[in-house]
Amino acid sequence: MNLRSLLTPLAVALVPIVASVAPAGAVQAEDPLVITCTASATQYYDPGLTLTDRPTRISASAAYSCVGAGAVNSALLSFDYTVDAGCLPTTSPVTTGVTRLDWNQGADSEITSTFVVTRPVRQTVATTIGTVTSGQFAGYIVNQTGVYPAPDLLACAAPGGVTSSQGILSLTLTQPF
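The rules we used
Residues numbered from 1 in each chain as written. Predicted model: local features only at pLDDT ≥ 70, side-chain atom pairs only at ≥ 80, totals over all residues. Heavy atoms only, no water. Helix = DSSP H or I, 4+ residues; strand = E, 2+ residues; numbered from the N terminus. Buried < 20%, exposed > 50% of the residue type's maximum accessible area, 1.4 Å probe, protein only. Contact = heavy atoms within 4.5 Å. Areas by Shrake-Rupley, 256 points an atom, 1.4 Å probe, with all protein chains shown as cover. Pairing = 2+ DSSP bridges. Axes fitted to C-alpha atoms, helices over the stretch in contact; angles between N-to-C directions. Core = buried A, V, L, I, M, F, W, Y, C linked by side-chain atoms within 4.5 Å. Polar contact = N/O pair within 3.5 Å; in protein donor to acceptor, adjacent residues only side chain to side chain. Salt bridge = Lys/Arg side-chain N within 4 Å of Asp/Glu carboxyl O. pLDDT = per-residue confidence, 0-100. Disulfide = S-S within 2.5 Å.

## Side note on the overall build of the chain
Part 1: Along its length, the chain carries two helices and eight strands.
Part 2: Taking all 177 residues of the chain together, 34% fall into the buried category.
Part 3: Considering only intrachain contacts with a sequence separation of at least 6, the fraction spanning at least 24 residues in the chain is 56%.
Part 4: Total accessible area computed for the chain in this model is approximately 10100 Å², and 62% of it derives from carbon and sulfur atoms.

Given below as C-alpha cells:
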C-alpha cells in the first residue's frame, strides 16, 4: 500500500469536518489574542505640580503604534482625570476613569480603568488596569504603563510648579479566556 492510498480516505473523511467549520465563501477573521502598543507622550498638569498635594487635572494624548491586530496598527489615546497630586512621593494617587482609543480602523474603544501612580527612584510610574467597555475589542483586558521622569524639585518649588512631563507609554490589550 502506498502513501497516496492511505491519505485519500483520510482526506475524504476530513472534507465534511472542514466544511462545517468554515462554510464555502465564509472567511472569518479571528480576534487577536494580544495587541501591544507603544508611544511617547506628554502629560499635562493643571494646576502645576508643587511640593504639596492638591487636586490636579492630569491629561494626555498620544499616538500609539500597535502590533498584533493586523490592519489595526495605530491608535490615538486621550485621557483626562483629576486626583490629589504633587511632586513629593507622599501619596500614591488612585482614581478611576475612562480612556479613549481612536483606532486607525474600526470602531473607537472606551476603556474603564483604575489608575495607580507610584514613584520609584527618579521616576513616576502610572499603571492602568481595566476593560474595554465599548467599541472595538470590547471585553478585552487592558494594561497600560506610563513611565515619566520624577518631577524636578526645584521646578516644583517655583511659581506655577511643573506643568508637563514627557514619558513612554506601553499598552497591552488581552482577549479574555
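Continuing now.
## Overview of the sheet that holds strand E4 (residues 94-103)
Part 1: Reading around the circumference, E1-E2-E3-E4-E5-E6-E7-E8 is the order of the eight strands in this closed barrel, with antiparallel pairing throughout. Shown here is a sheet whose adjacent strand axes are inclined to one another by a mean of 25 degrees, direction ignored.
Part 2: The pairing of E4 with strand E5 (residues 109-118) spans eight bridges and is classified as antiparallel. Looking across to E5, one finds that Thr99 is bridged to Ile111.

## Overview of the nonpolar core
For soluble globular proteins, the rule of thumb is that nonpolar side chains tend to be buried together.
Part 1: In terms of nonpolar packing, the biggest core is built from 34 residues, with Ile35, Tyr64, Leu101, Trp103, Phe137 and Leu173 touching the most fellow members.
Part 2: Beyond its immediate chain neighbours, meaning those up to four positions away, Leu173 contacts Leu33, Val34, Ile35, Trp103, Val132, Phe137, Tyr140, Ile141 and Val142.

## Re the pairing of strand E7 (residues 141-149)
Part 1: Residues Val142, Gln144, Gly146 and Tyr148 point to one face of E7 and are all buried, whereas Ile141, Asn143, Thr145, Val147 and Pro149, pointing to the other face, are not buried.
Part 2: Pairing analysis gives nine bridges linking strand E6 (residues 123-135) to E7, with the strands arranged antiparallel. Bridge pairing in E7 links Thr128 to Gln144.
Part 3: Where E6 folds back on E7, the antiparallel hairpin that results is connected by five residues, among which Phe137 adopts a positive phi of roughly 65 degrees.

## Regarding the pairing of strand E8 (residues 162-174)
A regular strand carries its side chains on alternate faces of the sheet.
Part 1: Here strand E1 (residues 34-49) pairs with E8 via 12 bridges, running antiparallel. Note on E8: the bridge partner recorded for Cys37 is Leu171.
Part 2: With seven bridges joining them, E7 and E8 adopt antiparallel strand pairing. By the bridge assignment, Ile141 is partnered in E8 with Thr174.

## Topic: the environment of Arg119
Part 1: With respect to the element layout, Arg119 can be found in the loop between E5 and E6.
Part 2: Each C-alpha atom, one on Arg119 and one on Pro89, is 5.9 Å from the other, the two residues being 30 residues apart in sequence.
Part 3: Here Gly86 takes part through its backbone oxygen, which lies 2.9 Å from a polar atom of the side chain of Arg119.
Part 4: In terms of polar contacts, Arg119 uses its side chain to reach the backbone carbonyl oxygen of Leu88, at 3.2 Å.

## A look at the pattern of salt bridges
Two side chains bearing opposite charge may form a pair once their charged atoms approach each other closely.
Part 1: Applying the stated criterion to the full structure yields four salt bridges.
Part 2: Residues Asp102 and Arg100 are paired through a salt bridge, measuring 2.8 Å at the closest nitrogen-oxygen approach.
Part 3: Each of the salt bridges in this network shares a partner with another, and the network as a whole consists of Arg100, Asp102, Asp108 and Glu110.

## Considerations on the confidence of the model for the chain
Part 1: Summarising the model, the chain shows a mean pLDDT of 83, and 82% of its residues fall at 70 or more.
Part 2: The element-level mean pLDDT for the chain is lowest in helix H1 (residues 3-21), coming to 38, with E8 highest at 96.
Part 3: Below a pLDDT of 50 lies the segment residues 1-28, which in the model reaches one contact outside its immediate sequence neighbourhood of four places, other chains included.

## Some thoughts on the state of the cysteines
Part 1: Following the criterion strictly, the structure yields two disulfides and no others.
Part 2: With its sulfur 2.2 Å from that of its partner, Cys37 forms a disulfide with Cys66. Here Cys37 and Cys66 share a disulfide; its torsion about the S-S bond, 110 degrees, makes the bridge right-handed. Taken together, the positions of Cys37 in strand E1 and Cys66 in strand E2 (residues 54-67) put the pair 29 residues apart, joining distant regions of the chain. Cys66 matches Cys37 in its accessibility class, with the two residues each being buried.
Part 3: In this model, Cys87 is linked to Cys156 through a disulfide, with the two sulfur atoms separated by 1.8 Å. With the S-S bond torsion at -90 degrees, the cross-link from Cys87 to Cys156 turns out left-handed. Note that Cys87 is positioned in the loop between strand E3 (74-85) and E4 and Cys156 in helix H2 (residues 153-157), a separation of 69 residues in sequence.

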